[in-house]
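# Topology and contacts: notes
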Amino acid sequence: MSDQELIKSCLAGNENAFRELVKKYEPRVAATVIGMLGNCPEADDVGQETFIRFYRSLQNFRGDSTIATYLTRIAINLSLNELKRRKRRSKFFFQTPENGKFDIPDESTKQPYSGEKEIVQRAIQKLDPNYRSIIVLRLIDGYSTEEAAAILDIPIGTALSRLSRAQKKLKEILMPYKEPREA
């Protein structure tokens, strides 16, 4: 069944149709939320809430965008809300210079990460939410700059500027982890 047929079936009360939509789009939503929040219990909650909100708004889905884009927008908004909650609860961003390097601890265990992928993920988590969202949409989810701007409801120029600044900040954060090249 096509996405539109699945939505019509959901609206007619077919729970299996909604399960199919969740199954199809869960990996994309998970990638977006984990990109924004990291792999944490809150990411699971935001992922579930994304699909709950989607289900509740099915009757309002006009099909102006794809379901993937619609779900990504919900996931980004909920992730941004969670980041605001985190910031209110505690000091969210911190850096510990140690021997001239940034320690990027795992928030759940307070242990430094070791793998490259984990270091990059932790670095993304240190970005301001506006920068993090554009990085996640462009570099993790694979949206074009135009699509990312539409999802974030910002002008294309703002998206390009944020992307440039986010990449520069990521480079700064990751510089201490760069292996020196042999001459």
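The rules behind each value
The written sequence of each chain sets the order in which its residues are numbered from 1. In keeping with the predicted nature of the model, local features appear solely for residues at pLDDT of at least 70, side-chain atom pairs appear and are counted solely at 80 or more, and the whole-chain, interface and lining totals rest on all residues. Note: side-chain values were computed over all heavy atoms of the structure, leaving out hydrogens and water. Note on aromatic contacts: the rings of Phe and Tyr and the six-membered ring of Trp form a pair at centre separations within 6.5 Å, being stacked when their planes are under 30 degrees apart, edge-to-face when over 60 apart, and tilted otherwise. Here, nonpolar core means buried Ala, Val, Leu, Ile, Met, Phe, Trp, Tyr and Cys residues that are tied together by side-chain atoms lying within 4.5 Å of each other. Residue exposure (1.4 Å probe, protein chains only): buried if accessible area is under 20% of the type maximum, exposed if over 50%, otherwise partly exposed. A helix here means a DSSP run of H or I that spans at least four residues, while a strand means a run of E at least two residues long, and both kinds are numbered starting from the N terminus. Any pair of residues with heavy atoms lying within 4.5 Å of one another is described as a contacting pair. What pLDDT conveys is the predictor's confidence in a given residue, as a value from 0 to 100. Interaxial angle, 0 to 180 degrees, is taken between N-to-C directions of lines fitted to C-alpha atoms, where a helix line uses only the stretch in contact. In these notes the angle categories are as follows: under 35 degrees is roughly parallel, over 145 is roughly antiparallel, 65 to 115 is roughly perpendicular, and the rest is oblique. The nonpolar class holds Ala, Val, Leu, Ile, Met, Phe, Trp, Tyr, Cys and Pro. Asp, Glu, Lys and Arg form the charged class, and all remaining residues, Gly among them, are polar. The salt bridge definition used is simple: a Lys or Arg side-chain nitrogen within 4 Å of an Asp or Glu carboxyl oxygen.

## Re the packing of aromatic side chains
Summed over all chains, the structure comprises five aromatic pairs. Through a chain of ring-to-ring contacts, three or more aromatic side chains come together here, namely Phe18, Phe54, Tyr55, Phe61 and Tyr70.

## Some remarks on the nonpolar core
Ranked by internal contacts, the top residues of the largest apolar core, which has 45 residues, are Leu21, Leu37, Phe54 and Ile67. Contributing elements (two or more residues each) for this core: α1 (3-11), α2 (15-37), α3 (41-56), α4 (67-89), α5 (116-125), α6 (129-140), α7 (145-152) and α8 (156-174). A per-element tally of this core places α4 first, with nine residues. Not counting residues up to four positions away in its chain, the partners in contact with Phe54 are Phe18, Leu21, Ile67, Tyr70, Leu71 and Ile74.

## Quick word on the confidence of the model for the protein
In low-pLDDT segments, the atomic positions of the prediction should not be examined closely. Averaged over every residue, the pLDDT of the protein is 84; residues scoring 70 or more account for 83%. Confidence over residues 92-102 falls short of pLDDT 50; this stretch has 25 contacts with residues more than four positions distant or in other chains. Under a pLDDT of 50 for its full length, residues 106-110 has, in the predicted model, six contacts with residues more than four places off or in other chains.

## Concerning the packing of α1 against α2
Where α1 contacts α2, the two axes come as close as 8 Å, and the packing angle between them is 140 degrees. With respect to their mutual orientation, α1 and α2 come out oblique. On the side of α1, the interface is formed by Asp3, Leu6, Ile7, Ser9 and Cys10, while α2 contributes Ala17, Phe18, Glu20, Leu21, Lys24 and Tyr25. Split into classes, the residues belonging to the contact of α1 with α2 amount to seven nonpolar, one polar and three charged.

## A word on the pattern of salt bridges
For the structure on display, the rule yields six salt bridges. Arg62 is paired through a salt bridge with Asp64; the nearest N and O atoms lie 2.7 Å apart. The exposure class of Arg62 is exposed, given its relative accessible area of 69%. Classification of Asp64 by relative accessible area gives exposed; the value is 62%. Between Lys169 and Glu172 there is a salt bridge; the shortest N-O distance is 3.9 Å.

## Details of the side chain of Ser79
With respect to the helices, strands and loops of the structure, Ser79 is situated in helix α4. Every residue in contact with Ser79, bar those within four places of it in the chain, is listed here: Val33, Met36, Leu37 and Val46.

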